[in-house]
Amino acid sequence: MMTVGKEVQTGSLEKISEDIFDYRKLIIEMIEKIDNQAFLHFTYNLLNSFKKKWGI
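Residues numbered from 1 in each chain as written. Predicted model: local features only at pLDDT ≥ 70, side-chain atom pairs only at ≥ 80, totals over all residues. Heavy atoms only, no water.

Undergrad: Can you break down a nonpolar patch on the surface residue by residue, with the values?
TA: There is a patch of nonpolar side chains on the surface, built from Phe-39, Phe-42, Leu-46, Phe-50, Trp-54 and Ile-56 and spanning about 650 Å² of accessible area. Turning to its location among the elements, Ile-56 is positioned in the segment after α2 (37-54). (Patch = residues over 30% accessible without salt bridge, like charges linked within 9 Å, V, L, I, M, F, W, Y side chains within 5 Å. Areas by Shrake-Rupley, 256 points an atom, 1.4 Å probe, with all protein chains shown as cover. Salt bridge = Lys/Arg side-chain N within 4 Å of Asp/Glu carboxyl O. Helix = DSSP H or I, 4+ residues; strand = E, 2+ residues; numbered from the N terminus.)

Undergrad: Please give an account of the packing of aromatic side chains that cites residues and values.
TA: For the coordinates displayed, the defined rule picks out 2 aromatic pairs. Aromatic pair Phe-39 and Phe-42: ring centres 6.2 Å apart, planes at 35 degrees, arrangement tilted. With Phe-39 and Phe-42 both in helix α2 and 3 residues apart, this pair spans about one turn of that helix. Judged by relative accessible area, which is 49%, Phe-42 ranks as partly exposed. A ring pair is formed by Phe-50 and Trp-54, whose centres lie 5.1 Å apart and whose planes are at 35 degrees; its orientation type is tilted. Of this pair, Phe-50 and Trp-54 both sit in helix α2, 4 residues apart, roughly one helical turn. A relative accessible area of 36% places Phe-50 in the partly exposed class. (Phe/Tyr/Trp six-rings, centres within 6.5 Å; stacked < 30°, edge-to-face > 60°. Buried < 20%, exposed > 50% of the residue type's maximum accessible area, 1.4 Å probe, protein only.)

Undergrad: Run through α2, naming residues and quoting values.
TA: Between the first and last C-alpha of α2 there are 26 Å, a value that for 18 residues agrees with the 26 Å anticipated at 1.5 Å per step. You can read the cap of α2 off the contacts: a side-chain oxygen lies 2.9 Å from the backbone nitrogen of Ala-38, and it is on Asn-36. At the exit of α2 stands Gly-55, carrying a positive phi of roughly 70 degrees. (Expected span 1.5 Å × (residues − 1). Polar contact = N/O pair within 3.5 Å; in protein donor to acceptor, adjacent residues only side chain to side chain.)

Here's what the structure looks like:
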């Protein structure tokens, strides 16, 4: 889990970057195994909705 605000200390940012990379890698691996086009389309739309709403 990521820490924010006052809890972030020197060295913690590197750990957060590693955590983000780990999640990204896991998500990509999961998506690469999906063969269902409808589910991939749903996932694409879901990610776009989050991006539009929260700017991620």
